[in-house]
Amino acid sequence: MPKEFSRGQRVAEQIRRELAELIRLEVKDPRVGFITLTDVEITPDYAHAKIYFTSMTGSEGLDEILKGLRRASSFLRRELGRRVRIHTLPELHFHYDPSVETGNRISALIDKALESDRLIADEAGGSPDGEEDGAPPTDR
């Protein structure tokens, strides 16, 4: 049976979509530039929303991006009120989400470990799976 999404989850997703569009099309502050909204968490009473974002530049210039988002938050909240009909419009709190940066770092470490394993196997004269010539084992 498919999992049902609560109203809060649907509202949070709607807020994320609308804010992403507003930031992309309406916010003229160059500090906000190239960000991606990754998640929105909303309190049960809809009074506060944590908006998580990541930046194309990583954590460089994060202070300036946050200043730009905080400055635009009243505009974003007002425009959000025109697009999303809920009884309480949440206060917006922006937070940097380092998960993409962390994922890239972990991926690079895995790639480095795999390359190291390949080099060790090549030096030993075999492949990493234990076969001498790298060919699949045959039944004899």
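Rules used throughout
Residues numbered from 1 in each chain as written. Predicted model: local features only at pLDDT ≥ 70, side-chain atom pairs only at ≥ 80, totals over all residues. Heavy atoms only, no water. Pairing = 2+ DSSP bridges. Helix = DSSP H or I, 4+ residues; strand = E, 2+ residues; numbered from the N terminus. Axes fitted to C-alpha atoms, helices over the stretch in contact; angles between N-to-C directions. Contact = heavy atoms within 4.5 Å. Buried < 20%, exposed > 50% of the residue type's maximum accessible area, 1.4 Å probe, protein only. Lys, Arg positive; Asp, Glu negative; His and termini not counted. Salt bridge = Lys/Arg side-chain N within 4 Å of Asp/Glu carboxyl O. Polar contact = N/O pair within 3.5 Å; in protein donor to acceptor, adjacent residues only side chain to side chain.

Student: Give a description of the sheet that holds strand β1 (residues 35-42) that names residues and reports values.
Tutor: Sheet architecture is open: three strands sit in the order β1-β2-β3, paired in mixed fashion. The open sheet has two edge strands, β1 and β3 (91-96), and neither has a second partner. Across the sheet, the mean angle separating the axes of adjacent strands is 30° when strand polarity is ignored. Sheet analysis places strand β2 (residues 48-55) next to β3, joined by six bridges and oriented parallel. Residue pairing across strands places K50 opposite H93, the latter belonging to β3. The strands touched by helix α2 (residues 62-83) are β1, β2 and β3; relative to β3, the strand with the most contacts, the crossing angle is about 155°.

Student: Can you explain the side chain of D97? Please cite residues and give values.
Tutor: Tracing the chain through its elements places D97 in the loop between β3 and α3 (99-124). It is R16 that comes nearest to the buried, bridge-free D97 among opposite-charge side chains, at 10 Å. At 2.7 Å, the side chain of D97 forms a polar contact with the side chain of T38. Among the polar contacts listed, one links the side chain of D97 to the side chain of S99, at a separation of 3.0 Å. Ignoring anything within four residues of it in the chain, the contact list for D97 reads T38, Y52, F53 and T54.

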